[in-house]
Amino acid sequence: MKRKYELVYVVSPEATDAQISDLHTQVEQITQRLGGTIEKTDNWGRRKLAYEIGPHKEGTYVLETIDGGGDVMKEIDRRLKVSDLVIRHLVVRIDEEQSVIDRTRTRRTENVRRRRVARGLPPDRQPGEGQRGDVDDDRDDRFDLPEGMDR
Amino acid sequence: MNGGKRSFGSGGRGKTGGHGAQQGKDGQRRPMFRRRKVCKFCADKIDDINYKDMKLLMPFVPERAKILPRRISGTCAMHQRKLRTAIMRARQLALIPYTAE
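Note on numbering: residues in each chain are counted from 1, in written sequence order. Chain A is the first chain written and ligand 1 is the first ligand written, with later ones labelled in order. Since the coordinates come from a predicted model, pLDDT governs what is reported: local features require at least 70, and pairs of side-chain atoms require 80 or more to be given and counted, while whole-chain, interface and lining totals use all residues.

What to know about the confidence of the model for chain B
Interpreting fine coordinate detail is not advised for predicted regions of low pLDDT. Residue and element names in this part refer to chain B. Selection criterion: Predictor confidence is given residue by residue as pLDDT, running from a minimum of 0 to a maximum of 100. In this text, helices come from DSSP runs of H or I with a minimum length of four residues, and strands from runs of E with a minimum of two, each type numbered from the N-terminal end. What counts as a contact is two residues whose backbone-derived C-beta atoms lie within 7 Å of each other.
Here chain B averages 77 in pLDDT, while 70% of its residues score no lower than 70. Here helix α1 (residues 40-43) stands out as the element of chain B with the lowest mean pLDDT, 90, in contrast to helix α4 (residues 77-92), whose mean of 94 is the highest. In this model, residues 1-24 is a region of pLDDT below 50 whose contacts with residues beyond four sequence positions or in other chains number 19 contacts. Two numbers describe this predicted complex: its pTM, 0.72, and its ipTM, 0.74.

If you want it as structure tokens, here you go:
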């Protein structure tokens, strides 16, 4: 079963860049061994922690988006727990939340379009349309459907 | 409580703040106008309350680092729930404090 996870780990500030990339390859190896793929890696760099964790006041944050089953994350979770360099980590499943978000967005744009058509307006907001669009829920410009998806 | 001179709010959640007409004989009570609170996430159409989005979350965690209650922020129930999980996740990662010292 295809699932998508997000993994954030906080690496101790003493860690060198080599150690951090080493950690990344470790995660990558586990993922590949268990039949998953890393979709995206993002190093946020060093930032201040909101509270002290043991002796640390800063940490390097790394975010990975991983495609794969639950056993991949189980193994990664276990490995990160053992690792001394990682001071905090968090695994979150994101595919379900993302689908909910997408659904509400499309439903909203569809509703807006339907209501506009019912009022005898073109389904998309025209440039230079008056204030009304700014106050009521016609303000759909943020999540416009891509072109060619007209109903 | 407070000597009963002024009573704040008429018990309700103050959705419309429409109890300005209460100007009866007890002259103490003055009409109170309260701005209608709207859920920020509904108004701005923010569907994704993400634990990584510090800019979005910080206004809901004032100085003491407690989560701002719904009765003050006006957030709707659904979005307050999502906000809560996001803040709790961010706290685990030390992005948001649990308490202020």
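Quick notes on the sheet that holds strand β3 (residues 56-67) of chain A
All names here are of chain A. Defined as follows: For two strands to count as paired, DSSP must find a minimum of two bridges between them. Here an axis means a line fitted to C-alpha atoms, over the contact stretch when the element is a helix, while the angle between two N-to-C directions is reported on a 0 to 180 degree scale.
The 4 strands lie next to each other as β2-β3-β1-β4, forming an open sheet whose pairing is antiparallel. The two strands at the open ends of the sheet, each matched to only one other strand, are β2 (37-53) and β4 (86-93). Neighbouring strand axes in the sheet, compared pairwise and without regard to direction, differ in orientation by 20 degrees on average. Note: strand β1 (residues 4-11) against β4, 7 bridges, orientation antiparallel. Along β4, the bridge assignment pairs Val 10 with Arg 88.

A look at the interface of chain A and chain B
Quick reminder of the rule: Three residue categories are used. Nonpolar comprises Ala, Val, Leu, Ile, Met, Phe, Trp, Tyr, Cys and Pro, charged comprises Asp, Glu, Lys and Arg, and polar comprises the others, including Gly.
Of the residues lining the interface, 14 residues belong to chain A; the matching set on chain B comes to 11 residues. Broken down by secondary-structure element, the contributors of at least two residues to the side of chain A that touches chain B are β1, β2, β4 and α3 (95-118) of chain A. The residue inventory of the side of chain A that touches chain B, partitioned by class, reads 9 nonpolar, 2 polar and 3 charged.

Re the nonpolar core
Where a protein is soluble and globular, its nonpolar side chains tend to be buried together. Our working rule: A set of buried residues qualifies as a nonpolar core if it consists of Ala, Val, Leu, Ile, Met, Phe, Trp, Tyr and Cys joined through C-beta atoms within 7 Å. Put plainly, a residue is buried at 20 or more neighbouring C-beta atoms within 10 Å of its own, exposed at 12 or fewer, and partly exposed in between, counting only other residues' C-beta atoms, which are placed from the backbone.
Tyr9(A), Ile76(A), Leu57(B), Ala86(B), Ile87(B) and Ala90(B) are the most contacted members of the largest nonpolar core, which has 29 residues in total. If you list the elements that add at least two residues to this core, you get β1, α1 (17-33), β3 and α2 (70-82) of chain A together with α4 of chain B. The dominant element in this core, judged by the number of residues it contributes, is β1(A), at 6 residues. Tyr9(A) has contacts with Val62(A), Leu80(A), Val86(A), Arg88(A) and His89(A), leaving out every residue within four places of it along the chain.

Some points on the domain arrangement of chain A
As a reminder, the rule being used: For the domains described, the bounds stem from an automatic or database domain assignment.
Parsing chain A into structural domains produces domain 1 (4-93) and domain 2 (95-124). The distance between the C-alpha centroids of domain 1 of chain A and domain 2 of chain A comes to 37 Å.

Points about the environment of Tyr5(A)
Residue and element names in this part refer to chain A. Of note, Tyr 5 is situated in strand β1. On the basis of neighbour count, Tyr 5 is assigned to the buried category, with 23 C-beta atoms found within 10 Å. Put simply, Tyr 5 and Met 73 are 68 residues apart on the chain and 7.9 Å apart in space, counted from C-alpha to C-alpha. With residues near it in sequence (within four places) discarded, Tyr 5 still touches Ile 66, Met 73, Val 91, Val 92, Arg 93 and Ile 94.

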